[in-house]
Amino acid sequence: MTSLSGNFYAQWRAQTGAANFLRDEQFPTERLLQAIWQHQRLKRGELKTVDGKIVRVFHPGFASVEGGPDFCNAVLQIGNESPRSGDVEIDLWASGWRAHGHDKNKNFQNVLLHVVWDETKPTSNENVPAVLSLKNALDAPLAELSLSLENESLRSLPENMRGKCCAPLRELDETRLTELLRQAARVRFENKAAQFRARAKNTGWEQTLWENLFRALGYKHNVWPMQNLAELKSSWSHGANSAFEFQARLLGVSGLLPDQLTRAQKSTDNYLRRAWDFWWRERDEFAGSILPRAAWKFHGLRPANHPQRRLALASRWLTDKNFISKIEGWSATEIPDKRLMDSLHEILQVERDEFWSWHWTFKSARMKKPQPLLGDARVTDLAVNVILPWLWIRAAEGKNEKIRSEIERRFFAWPAAEDNSVLKLARQRLLGASNARIFKTAAAQQGLMQIVRDFCEHSNAVCDDCRFPELVHGWKAKL
């Protein structure tokens, strides 16, 4: 890909937001700290409170935009305490706890952690939550994080209505609109690749790939507990010799292995007995790594996306000692565009599982027909969000221009993913149309989502103070 310095969309982003997220090169805004916490752009294995207690983040919580603590329902372990669910408040300084009246506000009674920019003095007041300073815990330079996270939204999408950019966008012909989406997609792709590079500096390339594969299998509900499991891979992966042994161990370490039989589903109870026969012998060895069940979110989750079933898929990948080398080999193989999806599917798809091909969850009845553990929609998600940016940044770092160019070509040629509510709403607001005619590729969809994130999510339903319509007008006039 070309440098972002030649990307007009990247320049638009810099014009609209960068200066607002850094007061100077060494001093962030509170908004940037919130984005850093939300995306956990931290050296996660090195987090400690200012009084020296280790902090383990099972889930960073959900951003709040209705007052109260900045993040709700986080799952944290601080020092030798048991993991707990609570809230997280973000301030520039620890003194903000009292200065902002949090110590007297009942809405802040459930705050477990006060995340600040710079603080070295521990507090002895029992009514003040533990303090975590981020200044020396970032996984990349502050200026780089500002550019990467400056427009990451903490809010949900605005209400469904046409935006002010609808008119200028509809004036663009298909070629120009396609180029605009392509440039925005390029920003999204390279941002993901940069995040992989930052993580790889601490953990290595293979571990970074595993962490992001697990994140993708967590869907939007369970990204963080899945990443926590992947971060512990070096401890739980040794000694397992079969997919079933990986399943039993992962279900045990995740805290998702039921401790009671169903007494109603014979096939399920037989599987559970076998899993416990394996897990009980080594449970004590992994006691310090077991995730609390509270880290997982199940509300609104489709059975096919249940983390128990996703761990079964990951177990099959882990059993294949050549799994990563197959992905690397795929990047160097000549593949026509029409075969991209199928060729990667052949690597990621796994053989039929004796239990999970026939069950959605432990509570569901045995299905009449087996269902694959991986569908086409998930292959596209894994490709555009994990595998392609991982391969691209590895090639870029290794100065392998041939592979880098090929991965870039595949990204822009990859067929479109399944439509979703975010894309439908974006098309209605930005283009005044609900059809997906122009969105023939996954890259076009990625570009549209990037525009929504950079502009729509930082304005309101009537587009107050949004510069995107002006930027589109100006760009069109120059063409």
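Let me begin by describing the structure that accompanies this report. Being a predicted model, the structure only gives us computed values, none of them experimental.

**Some remarks on the nonpolar core**
For soluble globular proteins, the rule of thumb is that nonpolar side chains tend to be buried together. In this structure, Phe214, Trp317 and Trp414 are the most contacted members of the largest nonpolar core, which totals 76 residues. Aside from chain neighbours lying at most four places away, what touches Trp317 is Trp210, Leu213, Leu217, Phe323, Leu348, Val350 and Leu382. Counting 30 residues, the second largest nonpolar core, distinct from the first, contains Leu132, Leu134, Ala140 and Leu142.

**Side note on the pattern of salt bridges**
One pass over the structure, following the stated rule, counts 23 salt bridges. Glu346 is paired through a salt bridge with Arg339; the nearest N and O atoms lie 3.3 Å apart. In this structure Glu346 comes out as exposed when scored by relative accessible area, which is 54%. A relative accessible area of 32% places Arg339 in the partly exposed class. Arg404 is paired through a salt bridge with Glu408; the nearest N and O atoms lie 3.6 Å apart. Highlighted residues: Arg404 and Glu408, both in helix H16 (residues 401-413), separated by 4 residues, approximately one helical turn. Per residue, the accessibility class of Arg404 equals that of Glu408, and both read buried. Members of the salt-bridge network, linked through shared partners, are Arg44, Arg199, Glu211 and Glu231.

**So, empty space enclosed by the protein**
Applying the stated criterion across every chain yields a total of 3 cavities of 30 Å³ or more. There is about 70 Å³ of room inside the largest cavity. Taken together, Gly163, Cys165, Arg429, Leu430, Phe455, Cys456, Ser459, Cys463, Cys466 and Phe468 make up the full set of residues lining the largest cavity. Of the residues in the lining of the largest cavity, the class split is 7 nonpolar, 2 polar and 1 charged.

**As for the pairing of strand S6 (residues 84-90)**
Each regular strand carries side chains that alternate between the two faces of the sheet. Here S6 lies mainly inside the structure; 5 of its 7 residues are buried. Here strand S5 (residues 71-78) pairs with S6 via 4 bridges, running antiparallel. Directly across from Phe71, in S6, lies its bridge partner Val88. Taking the residues that link successive antiparallel strands as the turn, the S5-S6 hairpin has 5 residues, and the phi of Gly79 there is positive, at about 65°. Two elements, S6 and strand S7 (residues 111-116), share 4 bridges in a ladder whose sense is parallel. Bridge pairing in S7 places Glu89 opposite His114.

The rules behind each value
Residues numbered from 1 in each chain as written. Predicted model: local features only at pLDDT ≥ 70, side-chain atom pairs only at ≥ 80, totals over all residues. Heavy atoms only, no water. Core = buried A, V, L, I, M, F, W, Y, C linked by side-chain atoms within 4.5 Å. Buried < 20%, exposed > 50% of the residue type's maximum accessible area, 1.4 Å probe, protein only. Contact = heavy atoms within 4.5 Å. Salt bridge = Lys/Arg side-chain N within 4 Å of Asp/Glu carboxyl O. Helix = DSSP H or I, 4+ residues; strand = E, 2+ residues; numbered from the N terminus. 1 Å grid on protein atoms, 1.4 Å probe; cavity = no way out; pocket = protein on both sides within 12 Å on 5 of 7 lines; lining within 4 Å. Points joined across faces, edges and corners; volume = space filled by probe spheres on them. Nonpolar A, V, L, I, M, F, W, Y, C, P; charged D, E, K, R; others polar. Pairing = 2+ DSSP bridges.

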